Amino acid sequence: MPDTPLGEPPQALRDPLRLLEGQLDHLRDAVLLTLDAMSDDERRRTRVPSGWTPIGLLTHLTHVERRWLEWGFLAEQVADPWGDATPEGGWSVADDTSYEELRRRFVARTARSREITSDASLEDVAQLGGRFSEDPPNLAWILLHLVQEYARHAGHLDIVAELAGAGTEA
């Protein structure tokens, strides 16, 4: 992610792939800006009945990127694609894993995702053999899914940050 916040893509942008990539980057950046504004204690604290933490959300989004683009779209074999999930259905983060390390992993994963989408077309269909064994979606479907997932989670994170007193404006 860049050092300065990304805004939404320009309204004059007409290339649908670049538009979806730009929206994703805007949402990725919003998540990091919100997390960066929180203290480490607040990143590890849950404020919701389901028990998720902001740092757990970052781990989840890192895995989401890999599940949908590397394992899903490219059908690359990846170790433990559901490595963020706990048996109870939550998101797992080891106590000794720092926010800085998780942030670096997220930034590297999103850079890899950008590499994947930059060489593709929205009409390209995901390969079989990774996440999909039949009826795979095309890249347009995957990117729209990622936009909605990020938007939902960024909203969740905004509320938690506000409760923590660390709200940001994205």
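Look up: the structure comes first, before these words.
This section reports on the structure supplied with the text.

Quick notes on the rules
Residues numbered from 1 in each chain as written. Predicted model: local features only at pLDDT ≥ 70, side-chain atom pairs only at ≥ 80, totals over all residues. Heavy atoms only, no water. Helix = DSSP H or I, 4+ residues; strand = E, 2+ residues; numbered from the N terminus. Rg over C-alpha atoms; globule rule 2.2 N^0.38 Å. Buried < 20%, exposed > 50% of the residue type's maximum accessible area, 1.4 Å probe, protein only. Lys, Arg positive; Asp, Glu negative; His and termini not counted. Charge placed at Lys NZ, Arg CZ, Asp CG, Glu CD. Salt bridge = Lys/Arg side-chain N within 4 Å of Asp/Glu carboxyl O. Axes fitted to C-alpha atoms, helices over the stretch in contact; angles between N-to-C directions. Parallel < 35°, antiparallel > 145°, perpendicular 65-115°, else oblique. Left-handed = near helix turned anticlockwise from the far one by under 90°. Contact = heavy atoms within 4.5 Å. Expected span 1.5 Å × (residues − 1). Polar contact = N/O pair within 3.5 Å; in protein donor to acceptor, adjacent residues only side chain to side chain. Phe/Tyr/Trp six-rings, centres within 6.5 Å; stacked < 30°, edge-to-face > 60°. Lys NZ or Arg CZ within 6 Å of the ring centre and 35° of its normal.

1. Re the overall build of the chain
Inference 1: Counting its secondary structure elements, the chain contains 5 helices and 0 strands.
Inference 2: Starting at the N terminus, the α and β elements of the chain follow one another as α-α-α-α-α.
Inference 3: Expected size for 170 residues packed as a compact globule is a radius of gyration near 15 Å; at 16 Å, the chain falls within 12% of this value.
Inference 4: Here the chain holds 170 residues, and 45% of them are scored as buried.
Inference 5: Counting 17 positive and 30 negative side-chain charges, the chain places the averaged centre of each group 2 Å from the other.

2. Describing the pattern of salt bridges
Inference 1: Tallied over the entire structure, the rule returns 15 salt bridges.
Inference 2: For the salt bridge of arginine 47 with glutamate 42, the shortest nitrogen-to-oxygen distance reads 2.9 Å.
Inference 3: Owing to a relative accessible area of 15%, glutamate 42 belongs among the buried residues under this scheme.
Inference 4: Linked through salt bridges whose partners overlap, the residues forming this network are Asp25, Arg28, Glu65 and Arg114.

3. A short note on the packing of helix 1 (residues 16–36) against helix 3 (residues 54–73)
Helix packing for two helices is described by the angle between their axes and how far apart those axes are.
Inference 1: Where helix 1 meets helix 3, the closest approach of the two axes is 11 Å, and the angle between their N-to-C directions is 155°. The angle between helix 1 and helix 3 places the two elements in the roughly antiparallel class. The chirality of how helix 1 crosses helix 3 is left-handed. For the pair helix 1 and helix 3, contact is made by Arg28, Val31, Leu32 and Leu35 and by Pro54, Leu58, Leu61 and Glu65, respectively.

4. Considering helix 1
Inference 1: With 21 residues, helix 1 extends 30 Å from end C-alpha to end C-alpha; this agrees with the ideal 30 Å at 1.5 Å per step.
Inference 2: Taking burial as the measure, the 21 residues of helix 1 include 15 buried ones, the bulk of the element.
Inference 3: Capping of helix 1 at its N-terminal end is provided by aspartate 15; its side-chain oxygen lies 2.9 Å from the backbone amide nitrogen of leucine 17.

5. Brief notes about the side chain of glutamate 21
Inference 1: Looking at where glutamate 21 falls in the secondary structure, it is placed in helix 1.
Inference 2: The exposure class of glutamate 21 is buried, given its relative accessible area of 13%.
Inference 3: A distance of 2.7 Å separates a polar atom in the side chain of glutamate 21 from a polar atom in the side chain of threonine 117.
Inference 4: With residues up to four places along the chain from it excluded, the contact list for glutamate 21 reads Arg114, Thr117 and Ser118.

6. Considerations on the packing of aromatic side chains
Inference 1: Under the counting rule described, the total for this entry stands at 4 aromatic pairs.
Inference 2: Plain terms: the ring middles of tryptophan 68 and tryptophan 141 are 5.6 Å apart, the flat faces sit at 45° to each other, and that makes the pair tilted. One end of the pair, tryptophan 68, is in helix 3; the other, tryptophan 141, is in helix 5 (residues 139–164), with 73 residues separating them in the sequence.
Inference 3: Summarising the aromatic geometry, the rings of tryptophan 71 and tryptophan 82 are spaced 6.1 Å apart at their centres and angled 90° between planes, so their arrangement reads as edge-to-face. Taken together, the residues span a long stretch of sequence, with tryptophan 71 in helix 3 and tryptophan 82 in the loop between helix 3 and helix 4 (99–118) at a distance of 11 residues.
Inference 4: The ring centre of tryptophan 68 lies 3.8 Å from the NZ or CZ of arginine 131, which sits over that ring.

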